[in-house]
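Listed below, chain by chain, are the residues.
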Amino acid sequence: MKLDAKIPSGPIEQAWDKARFDMKLVNPANKRKHTVLVIGSGLAGASAAASMGELGYNVRCFCFQDSPRRAHSIAAQGGINAAKNYQNDGDSIYRLFYDTVKGGDFRSREANVYRLAQNSLNIIDQCVAQGVPFAREYGGALTNRSFGGAQVSRTFYARGQTGQQLLLGAYQALERQVQAGTVTMFPRTEMLDLIVIDGQARGIVTRNLVTGELNVHIGDAVVLASGGYGNVYYLSTNAKGSNVTASWRAHKRGALFANPCFTQIHPTCIPVSGDYQSKLTLMSESLRNDGRIWVPKQKGDKRRPDQIPADERDYYLERRYPSFGNLVPRDVASRNAKHVCDEGRGVGETGLGVYLDFSDAIQRLGEHVIRERYGNLFDMYQRITDEDPYKVPMRIYPAIHYTMGGLWVDYYLQSTIPGLFVAGEANFSDHGANRLGASALMQGLSDGYFIIPYTVGNYIATSKLDKVDDSHPAVQQVVSEVQQGITSLLSIKGKRTVDSFHRELGKIMWDECGMSRTAQGLEKAIGQIRQLREEFWQNVTVPGSGDDLNQSLEKAGRVADFLELGELMCIDARDRNESCGGHFREESQTADGEAQRDDENYSYVAAWGYTGPDSAPALSKEPLEFKYVYRSQRSYK
Amino acid sequence: MKLTLKIWRQKNRDEKGRFFTYPVENVNPEMSMLECLDVLNESLIERGEEPVAFEHDCREGICGSCGFMINGVAHGPQSATTACQLTMRHFKDGQELTIEPWRAAAFPLIKDLVVDRRALDRIIQAGGYISVSTGNAPDGNNIPVGKDIADRAMDAAACIGCGACVAACPNASAALFTGAKISHLGILPQGKPEQDRRALSMVAQMNTEPFGSCTNIGECTAACPKEIPLEVIATMNRDYRGATCRKRDDLVQVVAPVTGWSSSSKS
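Reading guide: rules and limits
- Residues numbered from 1 in each chain as written.
- Chains lettered and ligands numbered in written order.
- Predicted model: local features only at pLDDT ≥ 70, side-chain atom pairs only at ≥ 80, totals over all residues.
- Heavy atoms only, no water.
- Helix = DSSP H or I, 4+ residues; strand = E, 2+ residues; numbered from the N terminus.
- Rg over C-alpha atoms; globule rule 2.2 N^0.38 Å.
- Buried < 20%, exposed > 50% of the residue type's maximum accessible area, 1.4 Å probe, protein only.
- Contact = heavy atoms within 4.5 Å.
- Areas by Shrake-Rupley, 256 points an atom, 1.4 Å probe, with all protein chains shown as cover.
- Pairing = 2+ DSSP bridges.
- Axes fitted to C-alpha atoms, helices over the stretch in contact; angles between N-to-C directions.
- Core = buried A, V, L, I, M, F, W, Y, C linked by side-chain atoms within 4.5 Å.
- Buried area = accessible area lost by both parts, 1.4 Å probe.
- Salt bridge = Lys/Arg side-chain N within 4 Å of Asp/Glu carboxyl O.
- Polar contact = N/O pair within 3.5 Å; in protein donor to acceptor, adjacent residues only side chain to side chain.
- Domains from an automatic or database assignment.

Caption draft 1: The arrangement of the overall build of chain A in detail. Counting secondary structure elements, chain A contains 16 helices and 21 strands. Taken over C-alpha atoms, the radius of gyration comes to 24 Å for chain A, in line with the 26 Å a tight globule of 637 residues would show. Dimensions of chain A, computed from the C-alpha atoms along their principal axes, are close to 75 × 60 × 50 Å. Here chain A holds 637 residues, and the buried ones make up 66% of them. A separation of at least 24 residues holds for 73% of the contacts in chain A among residues at least 6 apart in sequence. For chain A, the exposed area adds up to about 21800 Å²; of that, 47% sits on carbon and sulfur atoms.

Caption draft 2: Spatial organisation of the side chain of Lys111(B). As for its position among the elements, Lys111(B) is in strand E6 (residues 109-111). Residue classification places Lys111(B) among the buried positions, given a relative accessible area of 4%. The contacts of Lys111(B), once residues within four sequence positions are left out, are Asp548(A), Leu549(A), Gln10(B), Lys11(B), Glu50(B) and Ala53(B).

Caption draft 3: Up close: the sheet that holds strand E5 (residues 183-186) of chain A. Residues and elements named next belong to chain A. Taking strand neighbours across the sheet as the criterion, the five strands line up as E5-E2-E1-E9-E17 in an open arrangement whose pairing is parallel. Across the chains shown, the open sheet's two edge strands, defined by having one partner strand only, are E5 and strand E17 (420-422). The mean angle between the axes of side-by-side strands here comes to 20°, regardless of whether they run parallel or antiparallel. By the bridge criterion, three bridges tie strand E9 (residues 221-224) to E17 in an arrangement that is parallel. Residue pairing for E17: valine 222 is matched across the bridge by leucine 420.

Caption draft 4: Looking closely at the nonpolar core. Counting 234 residues, the largest nonpolar core has Met52(A), Ile80(A), Phe134(A) and Phe211(B) as the members making the most contacts within it. In terms of residue count, helix H15 (residues 551-575) of chain A provides more of this core than any other element does, 12 residues in total. Residues within four places of Phe134(A) in sequence aside, it is in contact with Ile80(A), Ile124(A), Cys127(A), Val128(A), Leu142(A), Phe156(A), Tyr157(A), Ala158(A), Thr162(A), Leu166(A) and Ala150(B). In terms of nonpolar packing, the next biggest core, distinct from the first, is built from 27 residues, Tyr22(B), Val24(B), Val27(B) and Leu34(B) among them.

Caption draft 5: Focus on the interface of chain A and chain B. With 81 residues of chain A in contact, the opposing surface of chain B contributes 84 residues. Carbon and sulfur atoms supply 49% of the area that chain A and chain B bury against each other, a total of about 6700 Å² over both sides. The three residues of chain A that bury the most area against chain B are Arg70(A), Tyr276(A) and Arg383(A), which together make up 11% of that side's buried surface. Counting across the chain A and chain B interface gives nine salt bridges. A salt bridge links Glu60(B) to Lys279(A); the nearest nitrogen and oxygen atoms lie 2.6 Å apart. On the surface where chain A and chain B come into contact, there are 50 residue pairs in polar contact (both at pLDDT 80 or more).

Caption draft 6: Inspection of the domain arrangement of chain B at higher detail. Residue and element names in this part refer to chain B. Taken as a whole, chain B is organised into domain 1 (3-110) and domain 2 (117-246). Distance from the C-alpha centre of domain 1 to the C-alpha centre of domain 2: 29 Å. Facing 18 residues of domain 1, the contacting portion of domain 2 comprises 19 residues. Between domain 1 and domain 2, roughly 1400 Å² of surface is buried when both sides are summed, and carbon and sulfur atoms account for 65% of that area.

Caption draft 7: Main features of the pairing of strand E7 (residues 200-208) of chain A. All names here are of chain A. With nine of nine residues buried, E7 lies mostly within the body of the structure. Turn length for the strand E6 (residues 189-197)-E7 hairpin, with the two strands adjacent in sequence and antiparallel, is two residues, and the turn residue aspartate 198 shows positive phi of about 50°. In this structure, E7 lies alongside strand E8 (residues 214-218), joined through five bridges in antiparallel fashion. Across the sheet, the residue bridging to arginine 207 is leucine 214, located in E8. Connecting the antiparallel pair E7 and E8 is a turn made up of five residues, with glycine 212 showing a positive phi of about 80°.

Caption draft 8: Layout of unusual backbone geometry. Of note, Lys6(A) is a non-glycine position whose phi angle comes to about 55°, a positive value. With respect to the helices and strands, the residue Lys6(A) is situated in the segment before helix H1 (12-22).

Caption draft 9: Region of interest: the sheet that holds strand E5 (residues 96-100) of chain B. Residues and elements named next belong to chain B. Judged by pairing direction, the sheet is mixed, and its five strands sit side by side in the order E2-E1-E5-E3-E4 without closing on themselves. This sheet does not close on itself; its edge strands, each paired only once, are strand E2 (18-24) and strand E4 (73-74). Of the pairings in the sheet, the one linking strand E1 (residues 3-9) to E2 comprises seven bridges and is antiparallel in character. Counterpart to threonine 4 in the pairing with E2 is proline 23.

Caption draft 10: Region of interest: the pairing of E5(B). Residue and element names in this part refer to chain B. The buried fraction of E5 amounts to four of the five residues, a majority that puts the element mostly inside the structure. In this structure, E1 lies alongside E5, joined through four bridges in parallel fashion. Its bridge partner lying in E5, lysine 6 is registered against threonine 98. Across two bridges, the pairing between strand E3 (residues 69-70) and E5 is antiparallel. Bridging from a neighbouring strand, methionine 69 pairs with glutamate 100 of E5.

Caption draft 11: Geometry of the environment of Arg115(A). All names here are of chain A. Assignment of secondary structure puts arginine 115 in helix H4 (residues 110-130). Classification of arginine 115 by relative accessible area gives buried; the value is 2%. C-alpha of arginine 115 to C-alpha of glutamine 14: the two residues are 101 residues apart in sequence and 9.4 Å apart in space. Apart from the residues lying within four places of it in its own chain, the contact partners of arginine 115 are Trp16, Tyr411, Leu413 and Ile451.

Rendered as structure tokens:
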């Protein structure tokens, strides 16, 4: 398939202005006649639904949780970037654009990233006006903190709960529209399929998670803002409910899936402590400002950390990257932690952990300073591990955190199915192969507040949308397929629980498609996943019925999709025989073990088309051009 | 360690529920309360029984999905901790834990430990926002907000909407929840213009839902995993009284509580 990103011609600084001017508008009086379906109520979904409601569209917004305020955007800790240059330290739209393209290891689309940097200014203004209590200076001005991958201070934050506050801002704007009658909210409702009629996305089939009813919602456009797919690894920092089902089922209806193997592994999470573990907890990146990362020099050293003298410790990041030290980007820090643990020098009972030690900082600055900076994080660590990080070094290990890949979209955030738009983590476009800290919140809100409301309007104004109702044969076809899927999951009545399959899939993905990947390992993983999928459909057990709240059934449907997505991720990772950002192929590294990009052969977006359950996915390539940012090998030595 | 879990099971709102007793072995002290339920559920499924339905999502104490009564205390014995972050080391080997859902008329039961908290969303709908449509915001630094003001707003804004305050209150009042939002927005200069209508509308909606009244007992703030201070209720009362006296605004709208889930019963 030929992919047209529809990037406006002319200078990048004017591209978005030009695009907005060229877009057709919907007459204000006609907007309420058009229905827009928004799936997901996180930063992207809630902001898009609220903004389109304000414009006067008839919006229906869906979330599987009991309230739109639960969406996983709420868990983001650190902050949100914006090129405000309030600190007068030389920041600009261009610099944020540059840092993001470079941080993404030159695998994102320049024009999209530029627009993201432009919109970052409006996002902060909008959120402040909504009452988001950003951190302030004593004099009343907004304050900033520094984050990885940038040399300016441009991150706005609300304590360690920035995501929560931004989401509540969007949620409140959404609830205001619910009251105004422009948005109808459907909580505890899961999208199970996309209805495509005459090549256009015209509706969705949902399941009411309380009553089990399947419902059809017809609309003029569908906006998917259903988040990322990190839970394919079972253990991740994602919420337990985060899933790929909405995106995946749209993919099976014709939307291409781009760069599925681009996943972000966050270096500072609390290590796994046992088989029962259900999720991993992130400790903010900001800790690396004052914590020093080390492991014992000797393999299998079981001494307590305070009994290991300084000259028997290996501060490996400081040793290997003298200029960036402990503040190397996430992908580099994660890979190095894995490396020392693979050598047998990991700490803790499982040997999968490294120390993040604050003793030097406490000695230098005093415990009160460290408490002021990180008190809430230290408390959280202590609550979970029962260890006092003021006295004993923290133990950390990398964990899956974010997925840069997602459904392919053009500049207008429209997928390869006309009328299907994709926003936030669910799309692929802005972070390339590695996302910088504090950029996810920015992207979700940029898409939802400032892009989707325009581009969806343009689509509605320029498309011929015939009247469709529930009785359309294509609608009935999709409903019966969804019903069939549910019936078959319930009727297998095998011996293994859904979670046991999910755990096994997660382990395969983590071992072979995690922090470092090889062609051989990926090949093996593809075989294992196929086998596991086959077993799933013969031996899974889903108790209960489809007519009420059945959490096992919900999980089963999601895991079935992860079992298909996992294979595609491995295929994509195998196909991309280069290392870039979070994607590290062992075959492609420099002499000193750093990621080696191959621009000549892989400077493209890999967009995969679904061709059927047992046939190989079809690869389409969108070549990436870099006219503004000079491509260089990233180095943090 | 070994524990005995006495868990409330109820198929749906209309059928009667009762406690079931489950022994759970191999409880690891590092586990969270929810992971302990996971382990129990896995064994129930393997035996062909339906697992215990309970609400959960982020499992890091911020989404507000989880929560149930553990031995009569909302979110369990550890202060400032949600059920998902409560580790089993706080219990003794051989202990019996009684686990039951939030009990409040305003939170109709859905199944087992899962209740319907849409009443809280409706209180926000009534006025828990600042009316600023996308695009009409001034520069973020146009209105200075003193650090003390921003900090106090943040203290109130930390509410996760879990409903523990309602469950802990002998009257099942939602005053702490409602007061937290009224305080958060009313303290900030951006929220001042709508302060009166917000207080009147949100309180009116709260009173329309079957929540009880606040009698200043303070169980809510003791149970709150985010330690929302009791003074937010005083702020709510002050805003409400002020608005009532000023009579600047009589546009108070409430919506009728919806308790059904069937899609066909929806408008």
